[in-house]
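Breakdown of the fold
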Amino acid sequence: MCGIVGYIGNRPAREIIINGLKRLEYRGYDSAGIALLNDEIKIFKCKGRVKELEDLVNSSDFDGEIGIGHTRWATHGEPNELNAHPQVSYKGNFIVVHNGIIENYSRLKRHLQSRNIKFTSQTDTEVLANLIEHLFVEGDLSPEQAITMALNKVEGTYGLAIICKKEPDRLYAAKKGSPLVIGVGENENFIASDATPIVEHTQRVIYLKDDDLAIIKRNELILKTIRNHPLEPEVQEVDLKIGEIDKEGYAHFMLKEIFEQPRAIHDTFRGRVLPDHTGIMLGGLHNVFSQIAKADKIIIIACGTSWHAGLLGEYIFEEYARIPVEVEYASEFRYRNPIINKGDIVIAISQSGETADTLAAIKLAKEKGATVLGICNVVGSSIPRATDAGVYTHAGPEIGVASTKAFTSQVTVLAMMAFETGHLKGIISDEQYISLIDELVSIPDKIGKALEKNTEALEIAKLMQNSRNALYLGRGYLFPVALEGALKLKEISYIHAEGYPAAEMKHGPIALIDENMPVVVVATKDNTYDKIISNIQEIKARKGKVIAIVTDGDTVISKIADYVLEVPDTLPAFAGLLAVIPLQLLSYHIAVLRGCDVDQPRNLAKSVTVE
Ligand code: G6P
């Protein structure tokens, strides 16, 4: 939520910051702004996308060699020019861009208002800017002291970049709860919410930790805590190629990411599956596998699409490792005093590694004595740092707001964990273990085959594009896939869609079925196949339009369904990895046909760092 970019160096800052904000637009895109520092400071802000900000800035000649920029996902105050960042303090000395929420802002605001300090926006960020100014002016403090004192007074979360007018040779950056990365260049330095705006300039980065404050000059970087303890900056080389964050000829990031899945899944198991397929080595979990094998219970916590991956993980773990699994929404788990016993394993799943509810749930699980493992995509993000051990999915940067390759790579990791645990426990024989690994290794090619049905998906999308509702049904391993298919449709095309266990349809949703209701049935071959045929008959008897996802060569369902999309045959545990592909393509095409902004759907953000 909200993207921050900062630059200090000898090059014109304007283009660097605008380009950086474009890379971070997946984090929020309801308004944007930039402050540029030259002999004077100029601020440009507008409602809308970074492109609109770019047009606004380009209407002026003004540039600077120092600047900060912001793309917003509104929390406090509607998206408009006044509430857009940067926010400027009442005397104009401090210019602030912020990602996060200042939770005690209304108390602080009342206090500042009682001192006759005026506010021009509804944002919590202006409260912070004014608090810094107030401490600076009234407390006779240096800018740095005013900033640290203010940060010690605020509750909540922040990633911050600050310019102080009195110190035109530096930027301040601070972090608590919201991510912030510093890029270390030659005679120039960068600040950003993640590494994507930085890597085209330098691969050397510092991931700030909570309560860190950085004072960043062109040739110098001082790192300390907000309690003034000096810190040694830990510079890391980031392994992110610029091509990975470009669309590479695809119309949208989402489409590129859907088509990247064979490569992404391959990268997820590459180096982890032994070349002769006789074993799985998840280095990050090496020391905890015996503990997982002994666990009485596994609790999976996640949000959104990652939660759906967790649900598939439950089915795979219970079948192959015979450990009871509960899958919890992180936001529910953390507020209901969950029962966690020592020795229970908690697995947190998150693409971004920054989701606020998941992070808070991890903290709670650790307080209750659980061993917490992470499955994350973004290297160096907060969740991998907060967990006891974990596995990166290595799917590469996911920019489209609707998650696709993150889902399939998370399921791949969960499957590897379950097989390894089951094998360790002696539940899976050596022979079965090897055949599961053989099948896993064949999945990228099979996803490639499923992707060949793109044109058919487009044709079906044309028929569904004007629907107001859609139902997605599946059973067993295919139920989480139905949930994920429905989520994909609603988040990018704004068509109301519900995922349901196919048999439960009779207990409610069947009342909705008529000739206008498309019903997407995920019906590849497994042990519930015969039952789902009956469910399809029930829909047809009520004139519903059935779009079925079936196994290649299926002759039964293709006769009763109105349309079918085929995917290759696989073992039930992997069926979700293939069946989800046509559902992703279907949603993508429907959204494009409806003229929706696929990569930046309304009201959503890629990384939800507010609770
Ligand atoms: C947001 C994104 C979803 C994502 C969810 C969880 O809602 O739009 O695509 O599934 O957050 O994010 P995480 O990064 O924790 O997987």
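I will try to describe carefully the structure that is included in this document. Everything numeric here is computed off the predicted structure, so don't read it as measured data.

Examining the overall build of the protein chain
Secondary structure summary: the protein chain contains 19 helices and 25 strands in total. At 25 Å, the protein chain has a C-alpha radius of gyration in line with the 25 Å of a compact globule built from 611 residues. A principal-axis box enclosing the C-alpha atoms of the protein chain has dimensions of 80 × 50 × 45 Å. Pairs at least 24 residues apart make up 72% of the contacts formed inside the protein chain by residues separated by at least 6 positions. Of the roughly 23,200 Å² that the protein chain leaves accessible, carbon and sulfur atoms contribute 48%. One finds the centroid of the 66 positive side-chain charges in the protein chain at a distance of 4 Å from the centroid of its 81 negative side-chain charges.

Some details on the pairing of strand E24 (residues 545–551)
Looking along a regular strand, one sees side chains alternate from face to face of the sheet. Burial of E24 is extensive: six of the seven residues sit out of reach of the surface. The sheet contact formed by strand E23 (residues 518–522) and E24 spans five bridges and is parallel. Bridge assignment links Val 519 to a residue of E24, and that residue is Val 546. Traced from E23 through helix H17 (residues 529–541) to E24, the parallel crossover comes out right-handed. Note that E24 and strand E25 (residues 563–567) share five bridges and pair parallel. Opposite Ala 548, over in E25, you have Val 564 as the bridge partner.

Topic: unusual backbone geometry
Cis rather than trans, the peptide bond between His 85 and Pro 86 has omega equal to 5°. Mapped onto the elements of the fold, Pro 86 is located in the loop between strand E4 (66–72) and strand E5 (87–88). In this structure, His 277 is a non-glycine residue whose phi angle is positive, near 65°. Summarising the element assignment, His 277 is placed in the loop between helix H7 (261–269) and helix H8 (289–294). Since its relative accessible area comes to 19%, His 277 is described here as buried. Here the phi dihedral of Asn 603 falls at roughly 65°; this positive angle occurs in a residue that is not glycine. If you trace the backbone, Asn 603 turns up in the segment after helix H19 (572–593). Take Asn 603: its relative accessible area is 61%, and that puts it in the exposed class.

Calculation rules
- Residues numbered from 1 in each chain as written.
- Predicted model: local features only at pLDDT ≥ 70, side-chain atom pairs only at ≥ 80, totals over all residues.
- Heavy atoms only, no water.
- Helix = DSSP H or I, 4+ residues; strand = E, 2+ residues; numbered from the N terminus.
- Rg over C-alpha atoms; globule rule 2.2 N^0.38 Å.
- Contact = heavy atoms within 4.5 Å.
- Areas by Shrake-Rupley, 256 points an atom, 1.4 Å probe, with all protein chains shown as cover.
- Lys, Arg positive; Asp, Glu negative; His and termini not counted.
- Charge placed at Lys NZ, Arg CZ, Asp CG, Glu CD.
- Buried < 20%, exposed > 50% of the residue type's maximum accessible area, 1.4 Å probe, protein only.
- Pairing = 2+ DSSP bridges.
- Right-handed = clockwise from strand over helix to strand, strands pointing away.

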